[in-house]
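If you want the building blocks of each chain, they are given just below.
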Amino acid sequence: MIGQTPILILKEGTRREKGKGAQFSNISAARAIADSVRSTLGPRGMDKMLVDSMGDVVITNDGVTILKEIDVEHPAAKMLVEVAKTQDEECGDGTTTAVILAGELLKKAEALIEQNVHPTVISGGYRMAAQKAREVLDDLAINVTPSDRETLKDIARTSMISKSVAASRNLLADVAVNAVTAVAEKNSDGKWEVDDDNIQVVKKQGGSMDDTHMIAGIIVDKEAVHPAMPKKVENAKIALVDSALEVKKTEIDAKIEITDPSQLQAFLAEEENMLKKMVEKVKSSGANVLFCQKGIDDLAQHYLGKEKIYSVRRVKKSDMEKLAKATGANLVTKLDDLTADDLGTACLVEEKKIADDKMTFVTDCKNPKAVSILIRGGTEHVIDEIDRSLNDAISVVSVAFEDGKLVTGGGSTAIELALKLRDYAASIGGREQIAIDAFASAMEVVPTALSENAGLDPIDVLIELRQAHKAGKKYAGINVFTGKVTDMKKERVLEPIRVGRQALSSATDAAVMILRIDDVIASKGGGGGKGPKGPDMGDEGGMD
Ligand code: ADP
Ligand code: MG
């Protein structure tokens, strides 16, 4: 028996690439991704218009948005898309930087591989360099305190300068700093924590960008259920109820046989009575505002209206949670359990008409640990870009709030890192020195891309920057508007340290991971899904 059939490890015709071929194809795929976002970096970066198969258009220069929207096929390219996503999740900004840094690390590695430096040596050197870079970054850090609003605003402004909303960035920076300051809490170790889930963003088309503002409270995109209810409740006592104000229908189909008219009367009266009792329960708790996560029966609406209780039904669970945070109310699951202690408070609950929709504003809460931002703007695309920009601004301010540390932008930190890493490389010597040197040069892609996008000569800028840093000007960066090398600390181009730290580590991780691959084999798994055998092998999962 043995030896009759030849041993086949791979099925005939399996796609496979090995050795340098695999490495170069991975590197070029990843570099293609990096090149696709490079022109968007910085204040003078361009936007991309993404058009999907349905004709929907997104206009943005946000790295992660672009990469999420484009259809990426190559596995190594997908890794760079992951870099952008991680960067976005961890700090909300610096996505383009992280991706082009990874691309540049791979480009430099490619040149080394061509000179027969082994990928393992390159990876080792890159890891050492990244470690050193983190130390240098910590040395460069500038402290910021939560009460330093102006500096926090500078950070927000820096994150928004490259967006098309730049004209309104003073206003948006103010909104972001106010929102973060309102929801920030000190944890038990005395450290600041910001959960940006507590900042609700509501988008409404219409008005102008400058009408965007923060509300110390919550906006619920719903109106009061009955016209008899007040449009405005001052000194609101707010009940949050999770159960329906309806008479329960039976789970199984039941038939009620009614034989004479008085029975029908009694039946309806009983139903009415139950609804009335529910409304009385709300009233007896002292509530004058009710947010119900489920439905409210027509009749109950009528009684609530009579009692002048402002009521909203079918409120989203996430909104209920934010309302609880903002007003201090308890979410009550059973209406019968509702008491005065469960009520939250707000100075004002009001129905307002924004554009064509009526919305409920719960404002001036005592100690709002959840706030809202209402975004206005002429078109949907504008509103979406404001949303993305505010998101970046809120993230960077939150991160700065939590860490209390900043670095300077405009390529200044990158050049300082490059300088320090070159010294470090020289002190290491050996083969790793080459890799650390390559890493140092890769850092320079940041000022290079910033200058290219501003129409400046990147070589001239690099030479000037290097000179300035050698002379000890560690904050010298490129002012892309004047084309001059200036002090970025004085120019207030500031970024949270976490953005740089995360960009360094995710770019290094991705580059090292891609470099270590020397064999790409088409595997079965569910990802392909094209062959006739698709369904029965679908369990393994695809690339992501
Ligand atoms: P990312 O997705 O990486 O955040 P951006 O398009 O937001 O990309 O660009 C960020 C880069 O722009 C950073 O390197 C930052 O230092 C730089 N930058 C921001 N403001 C200025 C400025 N006024 N002058 C020069 N560079 C700036
Ligand atoms: Mg940015």
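As the structure is a prediction and not an experimental result, all values here were calculated from the model.

What counts and what doesn't
- Residues numbered from 1 in each chain as written.
- Chains lettered and ligands numbered in written order.
- Predicted model: local features only at pLDDT ≥ 70, side-chain atom pairs only at ≥ 80, totals over all residues.
- Heavy atoms only, no water.
- Pairing = 2+ DSSP bridges.
- Helix = DSSP H or I, 4+ residues; strand = E, 2+ residues; numbered from the N terminus.
- Axes fitted to C-alpha atoms, helices over the stretch in contact; angles between N-to-C directions.
- Polar contact = N/O pair within 3.5 Å; in protein donor to acceptor, adjacent residues only side chain to side chain.
- Contact = heavy atoms within 4.5 Å.
- Parallel < 35°, antiparallel > 145°, perpendicular 65-115°, else oblique.
- Left-handed = near helix turned anticlockwise from the far one by under 90°.
- Nonpolar A, V, L, I, M, F, W, Y, C, P; charged D, E, K, R; others polar.
- Patch = residues over 30% accessible without salt bridge, like charges linked within 9 Å, V, L, I, M, F, W, Y side chains within 5 Å.
- Areas by Shrake-Rupley, 256 points an atom, 1.4 Å probe, with all protein chains shown as cover.
- Salt bridge = Lys/Arg side-chain N within 4 Å of Asp/Glu carboxyl O.
- Lys, Arg positive; Asp, Glu negative; His and termini not counted.
- Charge placed at Lys NZ, Arg CZ, Asp CG, Glu CD.
- Expected span 1.5 Å × (residues − 1).
- Buried < 20%, exposed > 50% of the residue type's maximum accessible area, 1.4 Å probe, protein only.
- Near = heavy atom within 4 Å.

K.L.:
Report on the sheet that holds strand β7 (residues 199–205), specifying residues and quantitative values.
P.N.:
Strand order in the open sheet formed by three strands is β7-β16-β8, with mixed pairing between adjacent strands. The open sheet has two edge strands, β7 and β8 (213–215), and neither has a second partner. Mean inter-strand twist for the sheet, computed between neighbouring axes without regard to direction, equals 25 degrees. Examined bridge by bridge, β7 and strand β16 (residues 371–377) share seven bridges and lie parallel to one another. Counted as the bridge partner of Lys 204 is Arg 376 from β16.

K.L.:
Describe the side chain of Thr 158, naming the residues involved and giving the relevant values.
P.N.:
Relative to the elements of secondary structure, Thr 158 occurs in helix α6 (residues 149–160). Of note is the side chain of Thr 158, whose polar atom sits 3.2 Å from the backbone nitrogen of Leu 494. Sequence-distant contacts of Thr 158, defined by excluding residues within four places in its chain, comprise Arg 492, Val 493, Leu 494 and Glu 495.

K.L.:
Please set out the packing of helix α4 (residues 95–114) against helix α5 (residues 119–140) residue by residue, giving values where relevant.
P.N.:
Remark: α4 packs on α5, axes separated minimally by 10 Å, with the N-to-C direction vectors making an angle of 140 degrees. Taken together, the axes of α4 and α5 lie oblique to each other. Crossing handedness for the pair α4 and α5: right-handed. Here Leu 105, Lys 108, Ala 109, Leu 112 and Ile 113 of α4 lie close against α5, whose contacting residues are Pro 119, Ile 122 and Tyr 126. Along the lines of polarity and charge, the residues of the contact of α4 with α5 split into seven nonpolar, no polar and one charged.

K.L.:
Pulling in residues and values, what's your account of the sheet that holds strand β17 (residues 405–408)?
P.N.:
Judged by pairing direction, the sheet is antiparallel, and its three strands sit side by side in the order β4-β17-β20 without closing on themselves. The open sheet has two edge strands, β4 (142–143) and β20 (494–496), and neither has a second partner. Across two bridges, β4 lies against β17 in antiparallel orientation. Directly across from Asn 143, in β17, lies its bridge partner Lys 405. Across the face of the sheet, α6 comes into contact with β17 and β20 while running at roughly 95 degrees to β20.

K.L.:
Outline a positive patch on the surface, listing residues and values.
P.N.:
On the surface, a cluster of positive charge is made up of Lys 222, Arg 313, Arg 314 and Lys 316. Tracing the backbone shows Arg 313 in the loop between β12 (310–312) and α10 (317–327).

K.L.:
Which residues make up helix α8 (residues 261–284), and what are the values?
P.N.:
Look at α8: 34 Å from first C-alpha to last across 24 residues, which is about the 34 Å you get at 1.5 Å a residue. What α8 keeps buried is the set Leu 275, Met 278, Val 279 and Val 282. Each element contacted by the buried residues of α8 is listed here: β11 (289–292) and α9 (298–306). Where α8 ends, the next residue or the one after it, Gly 286, has phi of about 100 degrees, a positive value.

K.L.:
Describe in detail the site of ligand 1, supporting the description with residues and values.
P.N.:
Taken together, 21 residues are adjacent to ligand 1, and Asp 93, Thr 96, Thr 97, Gly 410 and Glu 495 come closest. One of the backbone nitrogen or oxygen atoms of Gly 42 is found 3.0 Å away from an oxygen atom of ligand 1. For ligand 1, the protein covers 94% of the area, taking 580 Å² as the surface of the free molecule. Elements supplying a minimum of two residues to the shell around ligand 1: α4 and α14 (445–453). Element by element, the count of residues in the shell around ligand 1 is highest for α4, at three residues. The residue makeup of the shell around ligand 1, split by class, is nine nonpolar, 10 polar and two charged.

None of the figures reported here should be taken as evidence of function without further support.
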